[in-house]
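Inside the fold
Each chain, letter by letter, is given below.
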Amino acid sequence: MNTTRRQFLRTAASTIPILFLPELIYASPEKNCKTNNLESDSDEILLARMIFGEARGQKELEQIAIGFTPINRANSGLLYLGKTAREAILKPEQYSCINPEDKNRKKLLAPMTYEPETFLHCLDIAKKIISRELTDPANATHYFNPSIAKTPCWAKKIHRIGHLIVAHENDGTPIYSAHDFYREEKR
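This report concerns the structure included in the present document.

About the thresholds
Residues numbered from 1 in each chain as written. Predicted model: local features only at pLDDT ≥ 70, side-chain atom pairs only at ≥ 80, totals over all residues. Heavy atoms only, no water. Core = buried A, V, L, I, M, F, W, Y, C linked by side-chain atoms within 4.5 Å. Buried < 20%, exposed > 50% of the residue type's maximum accessible area, 1.4 Å probe, protein only. Helix = DSSP H or I, 4+ residues; strand = E, 2+ residues; numbered from the N terminus. Contact = heavy atoms within 4.5 Å. Salt bridge = Lys/Arg side-chain N within 4 Å of Asp/Glu carboxyl O. Axes fitted to C-alpha atoms, helices over the stretch in contact; angles between N-to-C directions. Parallel < 35°, antiparallel > 145°, perpendicular 65-115°, else oblique. Left-handed = near helix turned anticlockwise from the far one by under 90°. Nonpolar A, V, L, I, M, F, W, Y, C, P; charged D, E, K, R; others polar. Expected span 1.5 Å × (residues − 1). Bend = angle between axes of the 7 residues up to and from the residue. Pairing = 2+ DSSP bridges. Phe/Tyr/Trp six-rings, centres within 6.5 Å; stacked < 30°, edge-to-face > 60°. 1 Å grid on protein atoms, 1.4 Å probe; cavity = no way out; pocket = protein on both sides within 12 Å on 5 of 7 lines; lining within 4 Å. Points joined across faces, edges and corners; volume = space filled by probe spheres on them.

The next point concerns the nonpolar core. Core analysis: the largest hydrophobic core is formed by 36 residues, its most contacted members being Leu47 and Phe181. Elements supplying a minimum of two residues to this core: helix 3 (43-55), helix 4 (60-75), helix 5 (85-90), helix 6 (105-109) and helix 8 (116-130). Among the elements that make up this core, the one with the highest residue count is helix 3 (eight residues). Those residues within four positions of Phe181 in sequence are excluded, and the remaining contacts are Glu62, Ala65, Ile66, Ala138, Ala140, His142, Tyr143, Arg160, Ile161, Gly162 and Leu164.

So this is what it looks like as structure tokens:
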């Protein structure tokens, strides 16, 4: 890690909590994309896998909003959601693509084998989220896709943000996110 990056992390840590490991590991996807142990992933690879598994077919703005959810969970003060973004992602039953029985799991463990361009795009988003080059379009801690899942019980108990406008048709008609976004806050 170069001195400039270290200085940035030290400065950022004094003003904004570092939500992943203090030393961010930037790894080559070619070396680290295939795994059977998600806990051994660098922070950026783990976040990229989560974005890939949860939203690879969605518009970029929706992928970014989903990529911010583990960070928002870590910042929520609700410890059961995870104290760090890494912990939030790896918690059982939180992100469906991480669950061992999920149909996406096989692709998630070897994304460069199945959809390399898509995974590299998710990796780019993850890097930009971690380095704070992107802003959070939803400020959400939770989401679900109503076209593939029934409304979860938590959705009735926390603040609904709704669907995001992620793009516009040529005639100006808005295109909405497939996912419905929510925010849980400390009471």
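Using the criterion set out here, one finds seven salt bridges in the structure. With a shortest N-O distance of 3.5 Å, Lys107 and Glu115 are connected by a salt bridge. Judged by its relative accessible area of 29%, Lys107 is partly exposed. A salt bridge links Glu185 to Arg183, with the nearest nitrogen and oxygen atoms 3.2 Å apart. Where salt bridges share partners, they join Arg56, Lys107 and Glu115 into one cluster.

Across the interface, helix 3 lies against helix 8 with an axial gap of 8 Å and an inter-helix angle of 125°. One way to sum up the angle between helix 3 and helix 8 is to call them oblique. Both helix 3 and helix 8 take part in a crossing whose hand is right-handed. The segment helix 3 lies against helix 8, with Asp43, Glu44, Ile45, Leu47, Ala48, Arg49, Ile51 and Phe52 engaging Thr118, Phe119, Cys122, Leu123, Ile125, Ala126, Lys127, Ile129 and Ile130. Here the residues of the contact of helix 3 with helix 8 sort into twelve nonpolar, one polar and four charged.

Attention now goes to helix 4. With 16 residues, helix 4 ought to run about 22 Å at 1.5 Å a step, and its terminal C-alpha atoms sit 23 Å apart, in line with that. Along helix 4, the largest kink reaches about 30° and is centred on Thr69; proline Pro70 follows within four residues of it. The element helix 4 is extensively covered by neighbouring structure, given that 13 of its 16 residues are classed as buried. In the segment just after helix 4, Gly77 is the residue with positive phi, at about 85°.

Overall, antiparallel pairing links the three strands, which are arranged 1-5-2 in an open sheet. Each having just a single partner strand, strand 1 (142-144) and strand 2 (159-162) make up the two edges of the open sheet. Taking each pair of neighbouring strands and ignoring which way they run, the sheet shows an average axis angle of 30°. For strand 2 and strand 5 (residues 180-183), the ladder comprises three bridges, and the chain directions are antiparallel. Looking at strand 5, one finds that Gly162 is bridged to Phe181.

Here the focus is helix 8. Across its 15 residues, helix 8 extends 21 Å between first and last C-alpha, which sits within 8% of the 21 Å expected from 1.5 Å per residue. At the C-terminal side of helix 8, Arg132 shows a positive phi close to 65°.

Moving on to the packing of aromatic side chains. Under the definition given, this model contains six aromatic pairs. Residues Trp154 and Tyr182 carry aromatic rings whose centres are separated by 5.2 Å and whose planes lie at 90° to one another, so their mutual orientation is edge-to-face. Here Trp154 is found in the loop between strand 1 and strand 2, whereas its partner Tyr182 is found in strand 5, with 28 residues between them in sequence. A network of ring pairs unites the aromatic residues Tyr95, Tyr143 and Phe181 as a single cluster.

On to the layout of surface pockets. In this model, the largest pocket occupies a volume close to 800 Å³. Around the largest pocket, the lining comprises 31 residues; the ones closest to its centre are Glu54, Ser96, Tyr143, Phe144 and Ile148. The class makeup of the residues in the lining of the largest pocket is twelve nonpolar, ten polar and nine charged.

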